[in-house]
Amino acid sequence: MEITPQPAAPASLRQRSALRDHLIRNQSMKRVLITGGAGFLGSHLCERFLSEGYAVICMDNLITGSLDNIEHLFGREDFLFMNQDVTEFIHVPGRLDAILHFASPASPIDYLELPIQTLKVGSLGTHKALGLAKAKNARFLLASTSECYGDPLVHPQPESYWGNVNPVGPRGVYDEAKRFAEAMTMAYHRFHDVQTRIIRIFNTYGPRMRLNDGRALPAFMGQAMRGEPITVFGDGSQTRSFCYVDDLVEGIWRLLNSDEPEPTNIGNPAEMTILDFAKKVVELTGSASEIIFKDLPMDDPKVRQPDITKAKSILGWGPTVDLDTGLRRTLDYFRGKVADERDQPAAKAASAVPKG
Ligand SMILES: NC(=O)c1ccc[n+]([C@@H]2O[C@H](COP(=O)([O-])OP(=O)(O)OC[C@H]3O[C@@H](n4cnc5c(N)ncnc54)[C@H](O)[C@@H]3O)[C@@H](O)[C@H]2O)c1
């Protein structure tokens, strides 16, 4: 008898059965859904929750993330990747104890190129994720951002500061999407009694950032390692503060397990000018790159420094990884990426330029 090959099951059917299997395999375990789990921060969170004994569902449409970030987790019984856009209907059968909503383009280059997707994931995506949290009685944590403070007129920025955002400028798509997401999260908390947490993340860095994502740190490191000029915007006097990813993940873990529904800043208050930061990268890499200056992008914040008094007092949290240590670890990761570029020149994206 001739056997007719069966068409492959549609992705959604395959995903449904994968979800069912994941549920059956991990029946006795706590389960967490991490949206944006294939991104820089999301992939570190997947690892942390697995190490804490959770079964993890990582949901991502790979618009800015990469399977490279999570491929080492494939094959684990307690880990499942779902290729899905969170702005569409989300179905997850069975128990869910927590939802961490990290899906969103996050670097200035990304959200300037993906303005509609950024607004949609902050609004529709947050709504869908909150609806699921309500249905599952799961704790919900929103990845918000220091960009909620816009170009701040208060320095450093405490959570009580309402910000100085230009809603119709190019960065407004990201800032307003996150501000809307915060408002929606508080509404689900107040109106539906969902256990919600909001973290306002300040610039975070570490392995698995993309070399060409347009953020200052990977751009400087890539340029320094390739021997290209380091591009500083404006005169470089604008300040930033950089938090190492492991410190951030610890803060997220503590906030999720706390009782605090109001927004909480997590970031490293050690502030430096972008010019000093560029010099530090040149020194660490031993590069001969010169530093060049270009026009400052519109609405680029002039200062950025978290006030972490609240995180210290309610979470007992503070950064533990100093900049030199964090930069060395990140540099080791980027060395491999720059070497890959040399081996595969076609893979090299246009030289990265920092925008924030
Ligand atoms: N890295 C930082 O310094 C920083 C600072 C403030 C806030 N945040 C927030 O943290 C989160 C993660 O940032 P990141 O730096 O890891 O960025 P990232 O781009 O590496 O990760 C974001 C992930 O979300 C996914 N995604 C985007 N839209 C989606 C959609 N509609 N459906 C499913 N997946 C989608 C992307 O594919 C990507 O994997 C974002 O919400 C960002 O706003 C990050």
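Residues numbered from 1 in each chain as written. Predicted model: local features only at pLDDT ≥ 70, side-chain atom pairs only at ≥ 80, totals over all residues.

1. Some details on the overall build of the chain
- On a plain count of helices and strands, the chain comes out with 10 helices and 13 strands.
- Its C-alpha atoms give the chain a radius of gyration of 21 Å, within 12% of the compact-globule value 21 Å for 356 residues.
- Taken along its principal axes, the extent of the C-alpha atoms in the chain is 70 × 55 × 35 Å.
- Sorting the 356 residues of the chain into buried and exposed places 46% on the buried side.
- For the chain, the proportion of contacts with a sequence separation of at least 24, taken over those separated by at least 6, is 81%. (Helix = DSSP H or I, 4+ residues; strand = E, 2+ residues; numbered from the N terminus. Rg over C-alpha atoms; globule rule 2.2 N^0.38 Å. Buried ≥ 20, exposed ≤ 12 C-beta atoms within 10 Å, placed from the backbone. Contact = placed C-beta atoms within 7 Å.)

2. Looking at the sheet that holds strand β6 (residues 196-201)
- Read from one edge to the other, the open sheet built from 7 strands follows the order β3-β2-β1-β4-β5-β6-β11, with strand pairing classed as parallel. Among the strands making up the open sheet, the edge pair consists of β3 (79-83) and β11 (264-266). In this sheet, neighbouring strand axes are inclined to one another by 20° on average, regardless of whether the strands run parallel or antiparallel.
- Pairing of strand β2 (residues 55-60) with β3 involves 5 bridges; the strand directions are parallel. Paired with Cys58 across the two strands is Phe81, which belongs to β3. (Pairing = 2+ DSSP bridges. Axes fitted to C-alpha atoms, helices over the stretch in contact; angles between N-to-C directions.)

3. Remarks on the site of the ligand
- Taken together, 28 residues lie around the ligand, and Gly36, Gly39, Gly65, Ala103 and Ala106 are the ones closest in.
- Within the residue set of the shell around the ligand, elements represented by two or more residues are α2 (40-51), α4 (115-136) and β5 (139-145).
- In terms of residues, the shell around the ligand owes the most to one element, α2, which gives 3 residues.
- Residue composition of the shell around the ligand, grouped by class: 13 nonpolar, 13 polar and 2 charged. (Near = placed C-beta within 6 Å. Nonpolar A, V, L, I, M, F, W, Y, C, P; charged D, E, K, R; others polar.)

4. Digging into unusual backbone geometry
- In the segment running from His155 into Pro156, the intervening peptide bond is cis, with an omega of -10°.
- On the secondary structure map, Pro156 appears in the loop between β5 and α5 (172-192).
- At Asp193, a residue that is not glycine, the phi angle is positive and equals roughly 60°.
- Within the secondary structure layout, Asp193 lies in the loop between α5 and β6.
- Taking the number of C-beta atoms within 10 Å as the measure of exposure, Asp193 has 10 and is therefore exposed.
- Look at Arg208: it is not a glycine, yet its phi comes out positive at around 85°.

5. As for the nonpolar core
- Ranked by size, the top nonpolar core spans 78 residues in total, and within it Ile34, Val56, Cys58, Ile99, Phe140 and Phe220 carry the most contacts.
- Contacts of Ile34, omitting those with residues within four sequence positions, involve Gly42, Leu45, Cys46, Val56, Cys58, Leu100 and Phe102. (Core = buried A, V, L, I, M, F, W, Y, C linked by C-beta atoms within 7 Å.)

6. A short note on the environment of Ala143
- Position of Ala143 relative to the elements: it lies in strand β5.
- The spatial distance from the C-alpha of Ala143 to the C-alpha of Thr87 is 16 Å, given a sequence separation of 56 residues.

7. Points about helix α6 (residues 216-226)
- With respect to burial, α6 is a largely interior element, 10 of its 11 residues being buried.
- All of the buried residues in α6 are Ala216, Leu217, Pro218, Ala219, Phe220, Met221, Gly222, Gln223, Ala224 and Met225.
- On the buried face of α6, the contacting elements are β7 (204-205), β8 (230-233), β9 (239-241), α8 (274-285) and α10 (323-343).
- Among the residues trailing α6, Gly227 stands out with phi positive, at a value near 75°.

8. What about the packing of α2 against helix α7 (residues 245-256)?
- Viewed as axis vectors pointing N to C, α2 and α7 meet at an angle of 60°, and their least axial separation amounts to 10 Å. In this view, α2 runs oblique relative to α7, as classed from their interaxial angle. At the point where α2 passes α7, the crossing takes the right-handed sense. Facing Leu41, His44, Leu45 and Arg48 of α2, the residues of α7 in contact are Val245, Val249, Ile252 and Trp253. (Parallel < 35°, antiparallel > 145°, perpendicular 65-115°, else oblique. Left-handed = near helix turned anticlockwise from the far one by under 90°.)

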